Amino acid sequence: MKINQSNKNIKKQSENRPHFEHKKKQSSVHSEHKSLTKRQTSSSSNTKIEGEKLQKVLARAGQGSRREIEAMIAENRVSVDGKIATLGDRIDVRSSVKVRIDGRIINLQQAQKEMCRVLMYYKPEGELCTRSDPEGRATVFDRLPRLNGARWIAVGRLDINTSGLLLFTTDGELANRLMHPSREVEREYSVRVFGQVDDVMLARLRKGVQLEDGPANFKEIKFIGGVGINQWYDVTLMEGRNREVRRLWESQGIQVSRLIRIRYGNIKLMKGLPRGGWEEMDLEKVNYLRELVGLPPETESKLDVTKPRRRPKSGQIRKAVKRYSELGKRYKK
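J.: I'd love a proper account of the overall build of the protein, names of residues and values included.
T.: Of regular secondary structure, the protein possesses nine helices and 17 strands. The buried share among the 333 residues of the protein stands at 39%. A sequence separation of at least 24 residues applies to 65% of the contacts in the protein between residues at least 6 apart. Accessible area for the protein stands at about 20,800 Å²; split by element, carbon and sulfur atoms hold 49% of it.

Next comes the structure, spelled out in structure tokens:
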């Protein structure tokens, strides 16, 4: 009886084995299908996020800095293929996508093959760092050369009572990086102060003082000259907060009577360039700025690098500035 029972058990196990193997095979197929579906879903999600961020593409196309374009997107002024764009949208500049700002279609060819250009401008006092002014006052953009398919973007700002070096570029990404505090690009100013300055005060300004928007300090302060309580100093900052140089001196009870920016990074205000005059930078200086903020070098320039560059005479620039000023006055009347 025991032998018969054992035979029955062996027979039962052999009958059930194909069923288990079939279930195992089904489970394996199901797992493979699930894995394939997961890969397809992952691939599909990757396809959706292909391309570059919209604000980055438009900045490269010369439509403003990334910060300016982000504000335009937030204000629902930008559309992609007829749909209102949102922050975080990505586009492929090589596709037939149509992007509009305020209903105006944007030529994205500039974003595909961009030539980075940089201007040095000597901002005079009394000009605003804005594209247009409701009161009709002069702006820093009034005298700049005109562009097709791009526009000049100011690298930072100088207040209406500050003169000196102001950079403009056609590359919004370059402008954005140069302005970002994390890059710590040096700015140097010549400042005439009114008041009694002593060593203790200078030590505090170097060490740092608390302003309403956080601590600030001068990296370097050099005495240049002056008589009595009117003295000139060259000061260096690592950021460009609003009216920071003036506010630092005012924190010590000292008034600033004159302020001129003379350097940005290692780009110095060109000698002989009159107020209101501009000069386009050569490829070497453009690539210095790009390397400074981690961007690849530019390979093209509007300037003819095969010919020795002639420095324009300051008298010619002054005449051009005067002519533009007179035309501007007539236009605003």
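J.: Tell me what's going on with the environment of I69, and back it up with residues and numbers.
T.: With respect to the element layout, I69 can be found in helix α3 (residues 66-74). Overall, the relative accessible area of 0% leaves I69 in the buried class. Along the primary structure I69 and K56 are separated by 13 residues, whereas in three dimensions their C-alpha atoms are 8.5 Å apart.

J.: Please set out the sheet that holds strand β6 (residues 104-105) residue by residue, giving values where relevant.
T.: Strand order in the open sheet made by the four strands is β3-β2-β5-β6, with antiparallel pairing throughout. Every other strand in the sheet has two partners, leaving β3 (83-84) and β6 as the edge strands with one partner each. As paired elements, strand β2 (residues 78-80) and strand β5 (residues 99-101) share three bridges and run antiparallel to each other. Looking at β5, one finds that S79 is bridged to R100.

J.: I'd like to hear about helix α8 (residues 283-292), residue by residue, with values.
T.: Residues V286, N287, L289 and R290 constitute the buried set of α8. For α8, the arc enclosing every buried residue in end-on projection is 155°, short of the 170-degree limit, so these residues lie on one face. In α8, the exposed positions that point more than 90 degrees away from the buried face belong to E284 and E291. Where the residues of α8 are buried, they touch β7 (118-123), β9 (163-169), α5 (172-179) and β16 (267-268). G294, located one to two residues past α8, shows a positive phi value of around 80°.

The rules behind the values
- Residues numbered from 1 in each chain as written.
- Predicted model: local features only at pLDDT ≥ 70, side-chain atom pairs only at ≥ 80, totals over all residues.
- Heavy atoms only, no water.
- Helix = DSSP H or I, 4+ residues; strand = E, 2+ residues; numbered from the N terminus.
- Buried < 20%, exposed > 50% of the residue type's maximum accessible area, 1.4 Å probe, protein only.
- Contact = heavy atoms within 4.5 Å.
- Areas by Shrake-Rupley, 256 points an atom, 1.4 Å probe, with all protein chains shown as cover.
- Pairing = 2+ DSSP bridges.
- Arc of directions from axis to C-beta.

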